[in-house]
Amino acid sequence: MKIEVWSDFVCPFCYIGKRRLEMALEKFSHNDKVTLEYKSYELDPNAQKNPEKNIHELLASKYGMSVEKAKNSNEELGKQAAEIGLTYNFDTMQHTNTFDAHRVTKYAEENGIGKEMTERLLKAYFTESELISNHATLIELAGEVGLDTDEVTKLLKVDDYAIHVRADEEQARQIGVQGVPFFVFNEKYSVSGAQPSEVFTEVLEKIWEEENEKPVLQTLNPKKSKTTYCTDEGCEVEDED
């Protein structure tokens, strides 16, 4: 089974959705047959690299609410995260542009550690309050997961892997992704939002049954017709019941 996940590193529900999917996969009896791939998505491509407002002020401004209400909303969101073992430090969080973080993750993916880079960046942003647009920070985080820091330094100086990020974003537009997290299973089933782990479990089981336990093809030959075919043992004519 192939699972593609469109997400952004500054999306609080993306980290929650990621963890809930992982919890469901831990219980899934066929998880050794699952391939998981994270896709790039920018919630705000025009976001500044150096934030001038804190996360509460940004939320208040975006949705036309008071800063106090924004703080309360973030506090409730933090409680959801805590329920599955995640720590969100909204008071010190540094909202920023994520394009370079996505580029580094594409490089990590090419080197077989894309999932590790994704997890490291999410934790750095939500828990450690790191500025994940800062190149020195990205180089350090990349080194922690095993990437060549010299190569990461080089790619950040130019536009390497930008085309890969843009390709993911274009694919998202083509399939109608309007928000993240967005999950696509076997390129034909989709789930949007940070669903409870129980929902992911149900989805995994249902798709596995439909894709692996039921016949891939259903015969549409009309009844009472003659079927003519050849095998390596010869050609036959059979009557359909």
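Whatever comes next refers back to the structure up there.
The text that follows walks through the structure, step by step, so that each part is easy to find. (Residues numbered from 1 in each chain as written. Predicted model: local features only at pLDDT ≥ 70, side-chain atom pairs only at ≥ 80, totals over all residues. Heavy atoms only, no water.)

A few words now on the pattern of salt bridges. Considering all chains together, one arrives at 22 salt bridges under this definition. Between Lys106 and Glu109 there is a salt bridge, and its shortest N-O distance comes to 3.2 Å. Of this pair, Lys106 and Glu109 both sit in helix H4 (residues 99-110), three residues apart, which is roughly one turn of the helix. A relative accessible area of 8% means that Lys106 is categorised as buried. The exposure class assigned to Glu109 is partly exposed, which follows from its relative accessible area of 33%. For Arg120, the salt bridge goes to Glu128, with nearest N and O atoms at 3.0 Å. The exposure class assigned to Arg120 is buried, which follows from its relative accessible area of 15%. (Salt bridge = Lys/Arg side-chain N within 4 Å of Asp/Glu carboxyl O. Helix = DSSP H or I, 4+ residues; strand = E, 2+ residues; numbered from the N terminus. Buried < 20%, exposed > 50% of the residue type's maximum accessible area, 1.4 Å probe, protein only.)

So, on to the pairing of strand S3 (residues 182-185). In S3, alternate side chains face the same way, and those of Phe182 and Val184 on one face and Phe183 and Phe185 on the other are all buried. In this structure, S3 lies alongside strand S4 (residues 189-192), joined through four bridges in antiparallel fashion. Bridged to Val184 within S4 is Ser190. Hairpin connection between S3 and S4: a loop of three residues separates the two successive antiparallel strands, and Asn186 in this loop has a positive phi of roughly 50°. (Pairing = 2+ DSSP bridges.)

Relative to the helices and strands, Leu156 is located in helix H7 (residues 149-157). Residue classification places Leu156 among the buried positions, given a relative accessible area of 5%. The spacing of Leu156 and Asp100 is 56 residues in sequence and 7.1 Å in space, taken between C-alpha atoms. Leaving out residues up to four positions away in the same chain, Leu156 has contacts with Asp100, Arg103, Val104, His135, Leu138 and Ile139. (Contact = heavy atoms within 4.5 Å.)

On to helix H8 (residues 162-174), then. The terminal C-alpha atoms of H8 lie 18 Å apart, and with 13 residues this matches the ideal 18 Å at 1.5 Å per residue to within 8%. If you check which residues of H8 are buried, you get Ala162, Val165, Asp168, Glu169 and Ala172. Each buried residue of H8 lies within a common arc of 130° when the element is viewed along its axis, so the set occupies one face. Those residues of H8 that are exposed and aimed more than 90 degrees away from the buried face are Ile163 and Gln174. (Expected span 1.5 Å × (residues − 1). Arc of directions from axis to C-beta.)

It is worth spelling out helix H1 (residues 12-27) at this point. The end-to-end C-alpha distance of H1, which contains 16 residues, comes to 24 Å, matching closely the 22 Å that a straight helix rising 1.5 Å per residue would cover. Regarding H1, the residues found buried are Pro12, Cys14, Tyr15, Ile16, Gly17, Lys18, Arg19, Arg20, Leu21, Ala24 and Leu25.

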